[in-house]
Every structure is written in C-alpha cells, then in structure tokens.
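Structural features, examined
Below, each chain spelled out in residue letters.
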Amino acid sequence: MFIQSIETHCALDYSEQDLYWLEYALTLADKAEAIGEIPVGAVLVDKDGNKIGEGWNQSILLNDPTAHAEMLAIRQAGEHLQNYRLIDCTLYVTLEPCTMCAGAILHSRIGRLVFGASDYKTGAIGSRFHLFEDFKMNHLLEICGGVLREKCSQKMSAFFKKRRLEQKQSKETKKEE
C-alpha cells in the first residue's frame, strides 16, 4: 500500500514562483471585494509556469453557490487545456478551499495546491476537515498551506470587519426611521 504524507503547512518549502502567483491571486481577490464578494482569488498554472485559469468569488453576482474562485479557475483551465484532467498543474488560492472546491481539486487531478490563509469554519484541507488525509482517495496531491498567510488573513479580516460595520450602520439607520 502506497502512503504519502500530507503536509498542509510548508512555510519554508515554497518558491519565488509560489509567492508570485499567490500575490497574483491576491489581486484577483481584490476584484471579488470590489463587487461585494468575499475576497478570494485563485489562479491555476501549468507545469511550465503558464497561467491557464483564474477566478475570484462571484457567487452573489452570478447567483451561483458554486462560483467560488477555485471552481471558476478550474473551469477556465479545463477549457484552456481542452481536458478535465489538470495533471501537473498548481492551484494557488488565497484561502483554504472548502469541501466543494476540494472535491473539484480531487476530480480534476490537480497536482499541487498552494494556499494562504486557513479557513477554520469551512476549510477542507486541514482546518475543519481534511479531505486528502484519507489515503483511500483516488488522487493525492502536494499541499502547501500558509504561504503569505498574514497578508491573506488580513484581507479576509478587513473585509468582514467592514461588512459588520456596514450591517451595524444599516441597523442603526433603520432604527432612526
């Protein structure tokens, strides 16, 4: 039986390319925030370091609960490669994927995942669940979490702080009416 360890935190085990693409994913997260979505960005890169797909959260805009950054990047990459298998590709995402996105990562056979902030509410790569910890899965991948953790976490924290303030102000305005 083949057993591969799953490493979800590799703070010292990432490259300049990883930093470059995760910074790029952060710019995509800004696009999500600009349209009122949770600021998550994702980019898929092939084995040669070429961008083949990108996405940012658009669930509200598209009225689609599956329109997470990762899902949109995976769809775009599949169209680009004309293949549903994204073998030897790396997915960079600013937030730890949820179970839905982890399932898409599994089925698309992405070879490597690099993410920034952990998601303790819905993260499926070690924070809440760990989909890839089950060695009975039909696909294993390299996982590197915590890259640019602070920067990614701060973006999320600032967004939700702003949203709570807006909701509070909205409630106060309604009380005054």
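Starting afresh in each chain, residues are numbered from 1 along the sequence in its written order. In view of the model being predicted, local features appear only for residues whose pLDDT reaches at least 70, and side-chain atom pairs are presented and counted only at 80 or more, with totals across whole chains, interfaces and linings using the full set of residues. Here the side-chain values reflect all heavy atoms present in the structure, with hydrogen atoms and water set aside.

Digging into the layout of surface pockets
How we decide: Cavity means a closed set of points on a 1 Å grid over the protein atoms alone, one where a 1.4 Å probe fits but cannot get out, pocket means an open set with protein on both sides within 12 Å along at least 5 of 7 lines, and lining means a residue has an atom within 4 Å of a point. Grid points are joined across faces, edges and corners, and a volume is the space filled by probe spheres set on the points. In DSSP terms, a helix is any run of H or I states spanning at least four residues, a strand is any run of E spanning at least two, and both are numbered starting from the N terminus.
The computed volume of the largest pocket comes to approximately 610 Å³. Along its surface, the largest pocket is lined by 25 residues, and Ile38, Leu95, Asp119, Met156 and Phe160 are the ones closest to its centre. Counting only elements with at least two residues in the lining of the largest pocket, the list comes to α2 (59-62) and α5 (149-176). For the lining of the largest pocket, the element with the highest residue contribution is α5, accounting for 7 residues.

Considering the pattern of salt bridges
What counts, and what does not: Just to be clear on terms, a salt bridge is a Lys or Arg side-chain nitrogen sitting within 4 Å of an Asp or Glu carboxyl oxygen.
Considering all chains together, one arrives at 5 salt bridges under this definition. Residue Asp30 is joined to Lys155 by a salt bridge in which the shortest nitrogen-to-oxygen separation is 2.3 Å. With Asp30 in helix α1 (residues 16-34) and Lys155 in helix α5, the pair connects residues that are 125 residues apart, well separated along the chain. For Lys51, the salt bridge goes to Glu54, with nearest N and O atoms at 3.1 Å. One salt-bridge network, in which partners are shared between bridges, spans Asp18, Arg112 and Glu142.

Here's the deal with the nonpolar core
For the record, the criterion: Among the buried residues, those of types Ala, Val, Leu, Ile, Met, Phe, Trp, Tyr and Cys that are joined through side-chain atoms within 4.5 Å form a nonpolar core. Between buried and exposed lies partly exposed: a residue is buried under 20% and exposed over 50% of the maximum accessible area for its type, with that area taken using a 1.4 Å probe on protein chains only. Whether two residues touch is decided by their heavy atoms; if any such pair falls within 4.5 Å, the residues are in contact.
Ranked by size, the top nonpolar core spans 32 residues in total, and within it Leu44, Ile105, Leu113 and Phe132 carry the most contacts. Looking at this core, the elements that each hand over two or more residues are β1 (41-45), α3 (69-81), β3 (90-95), α4 (99-108), β4 (112-117) and α5. With residues up to four places along the chain from it excluded, the contact list for Leu113 reads Leu91, Val93, Pro97, Ile105, Ile125, Leu141, Glu142, Ile143 and Cys144. Ranked by size, the runner-up nonpolar core spans 12 residues in total, among them Leu28, Val43, Trp56 and Val147.

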